[in-house]
Amino acid sequence: MAGKSDRVKEPLDFVHQNAILCETISKELRCQKLCTTFSVNPFRKTHTLSGKPMSWHDHIEEKEDPNFLNIIHHAALEPTKKYTMPQTESQEIGWITTPLVTPDRTDIRLHYPRRHTEITKYMDAAWRLKEQTENM
């Protein structure tokens, strides 16, 4: 059985390793993007903490940023108000919530009101009596 000691290790080729390093760095620089504008992630829930009662910097009035407020309010909307079409497969279920047929209470084909007969009235009274005796 051949072990690791039987393998002959080739000497390091510094030219080849330098070429690999140069290629890696050039790929990183090509895909790197410098970001200069920073803001709070609107999709993450923020927890507000109350300040210290005697601190001076908590009582300074600052101007509201309307762009930041718009981003926060837009992120809090439900997906049907944010987007015109569903963004994922799971959003497709229930995306259109309007009923296909308008409900008409006078049409007996689509509306089945609860009807009471003698037997249902009897059983309803029996179940009420049973619940009252169990609760006492």
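Details of the structure are given in the entry above.
Keep in mind that this is a model prediction, so the values were computed, not measured. (Residues numbered from 1 in each chain as written. Predicted model: local features only at pLDDT ≥ 70, side-chain atom pairs only at ≥ 80, totals over all residues. Heavy atoms only, no water.)

## A closer look at the overall build of the protein chain
The number of helices and strands found in the protein chain is four helices and zero strands. Along its sequence from the N terminus, the protein chain presents helices and strands in the succession α-α-α-α. Expected size for 136 residues packed as a compact globule is a radius of gyration near 14 Å; at 35 Å, the protein chain overshoots this value by more than 25%. Looking at the 136 residues of the protein chain, the share that counts as buried comes to 4%. With the model as given, the accessible surface of the protein chain reaches about 14800 Å², and the carbon-plus-sulfur share is 58%. Seen as two clouds, the 19 positive and the 19 negative side-chain charges of the protein chain have centres 3 Å apart. (Helix = DSSP H or I, 4+ residues; strand = E, 2+ residues; numbered from the N terminus. Rg over C-alpha atoms; globule rule 2.2 N^0.38 Å. Buried < 20%, exposed > 50% of the residue type's maximum accessible area, 1.4 Å probe, protein only. Areas by Shrake-Rupley, 256 points an atom, 1.4 Å probe, with all protein chains shown as cover. Lys, Arg positive; Asp, Glu negative; His and termini not counted. Charge placed at Lys NZ, Arg CZ, Asp CG, Glu CD.)

## Here we look at the state of the cysteines
As used here, a disulfide is simply a covalent bond connecting the sulfur atoms of two cysteines. Taken as a whole, this structure holds zero disulfides when the rule is applied. Looking at the unpaired Cys22, the closest cysteine sulfur is the one in Cys31, lying at 16 Å. Exposure remark for Cys22: the relative accessible area of 45% places this residue in the partly exposed category. Cys35 supplies the cysteine sulfur nearest to Cys31, a cysteine that is in no disulfide, at a spacing of 16 Å. Residue Cys31 is classed as exposed on the basis of its relative accessible area, which comes to 65%. (Disulfide = S-S within 2.5 Å.)

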